[in-house]
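A closer look at the structure
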Amino acid sequence: MKAIVVTDPAAGTAGMTLVERPEPDAAWLAGLEGANYGDVVVEVHASGFTGNELEWPSTWIDRLGRDRTPSIPGHEVAGVVTALSYGATGLSVGQRVFGLTDWTRDGTLAEYVVVEARNLAPLPGDVDFTVGASVAMTGLTAWQGLFDHGRLQAGQSVLVHGAAGAVGSMATQLAREAGAYVIGTGRAAHRQTALDFGAQEFVDLDNDALEDVGGVDLVFDVFGGAIGRRSAGLVRAGGTLVTVAGPPEVRPAGGLAVDFVVVSDRVQLGEIARRVGDGRLRTHIGQVAALDDAVAAFNQTERSSGKTIIRVRL
């Protein structure tokens, strides 16, 4: 099968290479002597890639700290189940699925991938594979940040950093649907996009004073650094700063600070898929490229807005 592999942590996306790799052995997988309990083989139709993935230790080493290169990156997938191992439940061969793969195993920038069944959810027939791959990571990150960690309730206010981005646009829409008042941030050029996704106010981080926002119940941070530090002071007593940018350097006075890593969740994926299917949730897809063109797509000199998706099967 065709796959993108990486071997050099210092090379970044420029070190990606398109190669031939063996396809997963479905017969071996299904046998008790060969199965990883609960795995399925997915014929990949669309794959997502997170920009800082090549900085994650899990891209280069396994859970025991052993080198696992050449490794296949990409952990967002939409495709069709082609084989089940012993113990795989809730899915069937031929079923359309989407979700996240394990960080320390080969990923989805390939024609096939082996995934734990529990990390996948059915993808409705009216949701395109490209859309499914684009909402797996972004939708789950937004959902878990807002509701699992941020405990967002109707009537509260939330500051969403990067509200025009792939994750921020998801958080903005989900927060609005939950009855929150949403203030989005970003660069001036992103104002209209953030407003179109549902932000009720917008803060231009280059020209506006972030502190003028006043107090909010929840900050959803994707930036960290100086923005994250300044945002801590905006959280009201009893509120929460939630971040995906690593451990927060400053904690809110009288509030909580939570950093988290997204995990796949079949129930939450189902909620996201339902909202996509009925039009309540729109994904922000930027570039769509074929697997043969993936290396070039990830190495463009100009950054495109939205999520880059690799369409493995047309």
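The structure under discussion appears in the preceding block.
Below: a short report on this structure. (Residues numbered from 1 in each chain as written. Predicted model: local features only at pLDDT ≥ 70, side-chain atom pairs only at ≥ 80, totals over all residues. Heavy atoms only, no water.)

Glancing now at the overall build of the chain. Scanning the chain for helices and strands turns up seven helices and 15 strands. A globule of 314 residues ought to have a C-alpha radius of gyration of about 20 Å, and the chain, at 20 Å, matches this closely. C-alpha atoms of the chain, sized along the principal axes, occupy 60 × 40 × 35 Å. The proportion of buried residues among the 314 residues of the chain is 53%. If you take every contact in the chain between residues at least 6 apart in sequence, the share linking residues at least 24 apart comes to 64%. (Helix = DSSP H or I, 4+ residues; strand = E, 2+ residues; numbered from the N terminus. Rg over C-alpha atoms; globule rule 2.2 N^0.38 Å. Buried < 20%, exposed > 50% of the residue type's maximum accessible area, 1.4 Å probe, protein only. Contact = heavy atoms within 4.5 Å.)

The subject of this paragraph is the sheet that holds strand S10 (residues 201-204). Taken in spatial order, the six strands of this open sheet run S10-S9-S8-S11-S12-S13, and their pairing is parallel. Each edge of the sheet is formed by a strand with only one pairing partner; in this case those strands are S10 and strand S13 (256-259). With strand direction ignored, the average angle separating the axes of adjacent strands in the sheet is 15°. Here strand S11 (residues 216-221) runs beside strand S12 (residues 235-243); their pairing, made up of five bridges, is parallel. The partner of leucine 218 across the bridge, within S12, is threonine 240. The sheet contacts of helix H2 (residues 129-149) involve strand S8 (157-160), S11, S12 and S13, and relative to S11 the element is tilted by about 150°. (Pairing = 2+ DSSP bridges. Axes fitted to C-alpha atoms, helices over the stretch in contact; angles between N-to-C directions.)

Let us look at the layout of surface pockets. What the largest pocket holds in volume is close to 1700 Å³. Lining the largest pocket are 47 residues, with Thr50, Gly51, Asn52, Val167 and Arg303 positioned closest to its centre. Listing elements by their share of the lining of the largest pocket, those giving two or more residues are H2, helix H3 (166-177), strand S9 (181-186) and strand S15 (307-311). Residue classes in the lining of the largest pocket are distributed as 20 nonpolar, 20 polar and seven charged. (1 Å grid on protein atoms, 1.4 Å probe; cavity = no way out; pocket = protein on both sides within 12 Å on 5 of 7 lines; lining within 4 Å. Points joined across faces, edges and corners; volume = space filled by probe spheres on them. Nonpolar A, V, L, I, M, F, W, Y, C, P; charged D, E, K, R; others polar.)

Time to look at the environment of threonine 130. Among the structural elements, threonine 130 can be located in helix H2. Judged by its relative accessible area of 9%, threonine 130 falls in the buried class. Between the C-alpha atom of threonine 130 and that of alanine 175, which follows or precedes it by 45 residues, the distance is 24 Å. Discounting chain neighbours no more than four positions away, the residues touching threonine 130 are Ala46, Ile285, Val288, Ile309 and Arg311.

This paragraph deals with the pattern of salt bridges. A complete count under the given rule lists 20 salt bridges for this structure. A salt bridge links glutamate 43 to arginine 313; the shortest N-O distance between them is 3.7 Å. Of this pair, glutamate 43 sits in strand S3 (residues 39-48) while arginine 313 sits in the segment after S15, placing them 270 residues apart in sequence. Between arginine 275 and glutamate 177 there is a salt bridge whose closest N-O contact spans 2.7 Å. (Salt bridge = Lys/Arg side-chain N within 4 Å of Asp/Glu carboxyl O.)

A separate point is the pairing of S11. In terms of residue burial, S11 counts as a mostly covered element, since six of its six residues are buried. With helix H5 (residues 225-232) bridging S11 and the parallel S12, this β-α-β connection has right-handed handedness. (Right-handed = clockwise from strand over helix to strand, strands pointing away.)

Side chains of a nonpolar character, in soluble globular proteins, are inclined to be buried together. Membership of the largest hydrophobic core comes to 43 residues, with the highest contact counts inside it found for Phe98, Leu146, Leu152, Val158, Val160, Ala175 and Ile272. Here this core takes nine residues from H2, the largest share from any one element. Apart from the residues within four sequence positions on either side, leucine 146 is in contact with Arg151, Leu152, Val158, Ala171, Leu174, Ala175, Leu218 and Phe220. Formed by 34 residues, the second largest nonpolar core is a distinct cluster that contains Val81, Val97, Val113 and Ile310. (Core = buried A, V, L, I, M, F, W, Y, C linked by side-chain atoms within 4.5 Å.)

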